[in-house]
Amino acid sequence: MQRGAAVPGIVSLRRRLFLVGMGALAIAAAAGTQDAAAESGASLPEPYASADLRRGRILFLQCVACHDLEPSGIAKVGPSLAGLPGRPAGSVAAFAYSTAMRESGLTWTAGTLDAFIERPSAVVAGTTMVFAGIAAPADRAAMVRYVFEESAKAR
Ligand code: HEC
């Protein structure tokens, strides 16, 4: 009789462990989803997705004299970069772009922004953006991640 009584106890313990296991899996899955959402920045490809976001924020200080990330931002020297991912170059109505920028045919992706920031005048010959460029690829990746994640939020 003793054994008979013990069996249900073991079964329910197993069941409890099973439920705890499932719960842990569910939590792990949910955490995974959150990580993906936090990283995505409109699902950036590598090397941008895992670039150094804090460094990107610091590097962006080079841009803030001329740009902000506010959706209805008053154009400074340059246009607002709000909603930049996927935006055609030269498309902020309130901003007086150069003909070169308006007719560049570029769309802002991580890749085009990366190339432009390396040497603006080499990508858009005749641009009025006076900026020497950022030479280090890792710095550009960090900058692109910061700009894309922040400007997507501001959309
Ligand atoms: C000295 C001022 C200045 C600085 C500094 C500057 N920009 Fe610009 N930027 C401009 C101007 C002016 C334009 C418009 C260029 C044109 O019409 O040819 C522009 C255009 C752009 C565009 C195209 C926007 C669009 O709507 O098509 C992007 C992207 C951009 N800048 C990103 C940056 C980033 C990122 C930085 C910092 C690394 C930066 N800029 C630094 C002045 C600046």
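Scoring rules and cut-offs
- Residues numbered from 1 in each chain as written.
- Predicted model: local features only at pLDDT ≥ 70, side-chain atom pairs only at ≥ 80, totals over all residues.
- Helix = DSSP H or I, 4+ residues; strand = E, 2+ residues; numbered from the N terminus.
- Buried ≥ 20, exposed ≤ 12 C-beta atoms within 10 Å, placed from the backbone.
- Contact = placed C-beta atoms within 7 Å.
- Near = placed C-beta within 6 Å.
- Core = buried A, V, L, I, M, F, W, Y, C linked by C-beta atoms within 7 Å.
- pLDDT = per-residue confidence, 0-100.

Considerations on the overall build of the protein chain
Step number 1: A tally of helices and strands in the protein chain yields six helices and zero strands.
Step number 2: Sequence-ordered secondary structure for the protein chain, helices as α and strands as β, is α-α-α-α-α-α.
Step number 3: Residue burial in the protein chain is summarised as follows: out of 155 residues, 23% are buried.
Step number 4: Counting contacts in the protein chain only where the partners sit at least 6 residues apart, residues at least 24 apart contribute 56% of the total.

Overview of the site of the ligand
Step number 1: The environment of the ligand is made up of 28 residues, and the closest members are C63, C66, G78, Y97 and S98.
Step number 2: Among the secondary structure elements, those contributing two or more residues to the shell around the ligand are α3 (99–102), α4 (110–118) and α6 (137–153).

Description of the nonpolar core
Step number 1: Core analysis: the largest hydrophobic core is formed by 23 residues, its most contacted members being L113, M143, V144 and V147.
Step number 2: Looking at this core, the elements that each hand over two or more residues are α4 and α6.
Step number 3: Residue contributions to this core peak at seven residues, all from α6.
Step number 4: Each residue touching V144, except ones within four places of it in the same chain, is listed here: Y48, A110, L113 and D114.

Concerning the confidence of the model for the protein chain
Step number 1: Per-residue confidence for the protein chain averages 81 on the pLDDT scale, and 70% of its residues sit at or above 70.
Step number 2: Low pLDDT, under 50, characterises residues 17–41; the predicted model gives this stretch five contacts beyond four residues in sequence or across chains.

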